[in-house]
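Now for the letters of each chain:
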Amino acid sequence: MSILKFILGFTVLFLSGNAILNRLKASFSILEKISLAGILGLGLGTFEIILIESISLPVNYIYFIITSMAVLVLLNIQKPFNFHHALNFSASKEERFRSYEIYYVLSIFVLFIISAWRCYYFPITPYDSRVGIDLVAKYAVAEETIKSSVFTILPKYHFLGNQPIYAPFAMLMQIIFRLFGFPFGKLWLTLIFLFFLMFAYSRFRKVIHPTLAGFLIILFLVIPELYAYTFLIQTDYSNALFMGLGVFFFYEFYKHRFNSYFWLSVMFITLACWTRTETIFFIPFGSLIILWMYQTLKDIIVWKKAVLFSLFPLLTIILWNIIYLKLYLHADTETVNKITFDFSNYFERVTSNIANMFDRVLFVHNYWSYGFIGPLILSGINIIGYKSLKGSMFLLWALIIFFMFLVFLLHIKDVTIANTFRRGAFKFFPLLIFYLAYSRMFQKLSEKITNWEHQ
Amino acid sequence: MAKQSKKHKAKTKNSARQKNTNLNNTPNGFKVFLLHIISIVALFIFANLPMNQKWLKGRIQKYLSNIPKQLNQLDFETRKKKKWGYDYAIMKFIKKKMTLSDTLLVPPSPYLVEKTFHKTKSQHFWVKPRVFYYHSNGIFNVDIENADSTLQKATHAIYVNNKKNNIRLIKIKNPVIRKKLLNTFNQYEIRTFWSKREAYKYYKKHNQ
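Report on the accompanying structure. (Residues numbered from 1 in each chain as written. Chains lettered and ligands numbered in written order. Predicted model: local features only at pLDDT ≥ 70, side-chain atom pairs only at ≥ 80, totals over all residues. Heavy atoms only, no water.)

**A word on the overall build of chain A**
Within chain A one finds 25 helices and zero strands. Here the C-alpha atoms of chain A give a radius of gyration of 22 Å, agreeing with the 23 Å that 2.2 N^0.38 yields for 455 residues. If one aligns the C-alpha atoms of chain A with their principal axes, the spans along those axes are about 70 × 65 × 50 Å. Counting only residues that meet the buried cut, chain A has 62% of its 455 residues in that class. Within chain A, counting contacts between residues at least 6 apart in sequence, those at least 24 apart form 79% of the total. A total of about 17500 Å² of accessible surface is found on chain A, and carbon and sulfur atoms cover 69% of it. Charged side chains in chain A number 37 positive and 23 negative. The centres of these two groups are separated by 6 Å. (Helix = DSSP H or I, 4+ residues; strand = E, 2+ residues; numbered from the N terminus. Rg over C-alpha atoms; globule rule 2.2 N^0.38 Å. Buried < 20%, exposed > 50% of the residue type's maximum accessible area, 1.4 Å probe, protein only. Contact = heavy atoms within 4.5 Å. Areas by Shrake-Rupley, 256 points an atom, 1.4 Å probe, with all protein chains shown as cover. Lys, Arg positive; Asp, Glu negative; His and termini not counted. Charge placed at Lys NZ, Arg CZ, Asp CG, Glu CD.)

**Let's talk about the interface of chain B and chain A**
With 63 residues of chain B at the contact, the number on the chain A side is 69 residues. Between chain B and chain A, the buried area comes to about 6300 Å², and carbon and sulfur atoms account for 66% of it. Looking at the side of chain B facing chain A, the largest losses of area belong to B:Trp55, B:Arg130 and B:Tyr134, adding up to 14% of the total buried there. On inspection of chain B and its partner chain A, the count reaches zero salt bridges. (Buried area = accessible area lost by both parts, 1.4 Å probe. Salt bridge = Lys/Arg side-chain N within 4 Å of Asp/Glu carboxyl O.)

**Here we look at the pairing of strand β4 (residues 167–171) of chain B**
Residues and elements named next belong to chain B. Here strand β3 (residues 156–160) pairs with β4 via five bridges, running antiparallel. Directly across from His156, in β4, lies its bridge partner Lys171. Hairpin connection from β3 to β4: six residues lie between these consecutive antiparallel strands, with Asn165 at a positive phi of about 55 degrees. (Pairing = 2+ DSSP bridges.)

**Some details on helix α21 (residues 373–385) of chain A**
All names here are of chain A. The first and last C-alpha atoms of α21 sit 17 Å apart over 13 residues, in line with the 18 Å expected at 1.5 Å per residue. Along α21, the positions that sit buried rather than exposed are Gly374, Pro375, Ser379 and Asn382. Looking straight down α21, one finds its buried side chains confined to an arc of 125 degrees; they lie on one side. Looking at α21, the residues exposed on the side facing more than 90 degrees away from the buried face are Ile377, Ile384 and Gly385. Looking at the packing, one finds that the buried side of α21 touches α12 (210–221), α24 (428–438) and α25 (440–454). (Expected span 1.5 Å × (residues − 1). Arc of directions from axis to C-beta.)

**Remarks on the packing of helix α19 (residues 346–362) of chain A against helix α22 (residues 392–411) of chain A**
All names here are of chain A. For the pair α19 and α22, interaxial distance at closest approach is 10 Å and the crossing angle is 120 degrees. Accordingly, the angle class assigned to the pair α19 and α22 is oblique. Viewed along their axes, α19 and α22 form a crossing whose handedness is right-handed. Counting all contacts with α19, which are made through Tyr346, Arg349, Val350, Asn353, Ile354, Met357, Phe358 and Leu362, the residues of α22 involved are Phe402, Phe405, Leu406, Leu409, Leu410 and His411. In the contact of α19 with α22, the residues fall into 11 nonpolar, two polar and one charged. (Axes fitted to C-alpha atoms, helices over the stretch in contact; angles between N-to-C directions. Parallel < 35°, antiparallel > 145°, perpendicular 65-115°, else oblique. Left-handed = near helix turned anticlockwise from the far one by under 90°. Nonpolar A, V, L, I, M, F, W, Y, C, P; charged D, E, K, R; others polar.)

Below is the structure:
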């Protein structure tokens, strides 16, 4: 029964994601389209749960399906479902599967299956999730409302802490997958992980030789800490993937100035903020980059784009942190009290924090194996050896994230290097592999292999 | 802006076309064979780099070898017991004995560690109130940090039988029992053990 519930529910969400993509005039390969439609559909589902709760309907499977179908119909009203358009994928000769890719695909498949199995088999283990996202989701499903006893009665007995009031994406996904009948929820993370791998591999094959594309995906997959979070339910892994996709489309927008890429970037960045609240602080830099890239402050369209880029993510923060948590759930949120403006020994604190961010997180090989140091060396070779800044948009975003974490460490009390920065650092890795794929070094190497192969 | 986009589009198309002139040639069969060999060798070398080898042998191989066994243990109870261990077993026992209108008084973690660590060897001591609520399907719990008025609501309590050091569930039938339990629990500090090692250290220190 749960499998039928899942098939119906996920199909509706997937078609909704596909309907969003059809409204954009970007062209994708079949793998890209499936993966983007899947992720956008799941993301949309979380907003549908909020919609159900907001109009005081019970949060259960029936209402979720009705709402999802209604949204699907709405998305197809102005632009009805067109079978030809839906199946119109860009496919050129260079995208065809090559026989030697099988080794990369098999390795990726084995690692993916192990992760998917562990995600399916085991219940939720992290303490943060059992007292946070899954605690809220479990009782929301049992009591058919997000405003369950977790928010109405439990605080009378115990201090809730900040775990139940995290940015809600993971919690809402847990609700959806529990409604689908999975007793532990969880499998949404496997799906997002799968779709990301599909998208990245498919896209990399377009820009670099398939052997290099496969190698980059494997380099990303064998990062121990990241891999562990593909089956542990937390907010951080999905946040890193959304941020990676958001920045990827931002880069495509920067290169081609297509509106479709702009909107895809906005959607994924919005999902990233919906997944981890701290992400909102990185986004205004994107607006500044938009103003800078058009080299004009007089064009109203440029200003509109710059504002919209930050506005949508900001709306999710307002929706959850102000409307939901403060006004509806009356949860105890104390972030403002945790901000400090201590500027004593500022220079020493800055340098020691930077040193610790590297020593205690980024250079800890048990966490990342070769996943950080490898791309760092390759990036250095690319910049110095090839004297190229191609793809440096990804590095710029990585620097923005690093700099903002430094600011958080200096000015927010509960932010720690061991936990907050370690998990926040997940965001670097999708950016690093995207950077390498678009770097001059990989492009040149790729051209050489392709030419050699075809001579 | 539209002009710029068109320019970019044309540029991309041109470079793609240039690329395709090369790709129109059929790949050289021998070179494809060589790419097979190169791919296998590259993956083999990458997998055997010291840190990757350690991770693949230590983690991935273990995960992989556990799958056949796990396929024979698919019922949800087994899976929960496997991951949540002793904590979950105790929780289940308590859930059976209590109703949703009851409230449980849980002792401080050090009390349980000191008295039962040698038996339970639990990784994460489950008495953290919100974890209890997660597992209890709606049964509320209180601990000594709560106000007196809240503590009065407790209908059941967990305590350790001094002779056998077994964890027991007791029904609080009168205020005298409640007071006695609270007096015992109040002798312990409120703290959380985040790891088995931390709990063991505490146990050793207090059981020498």
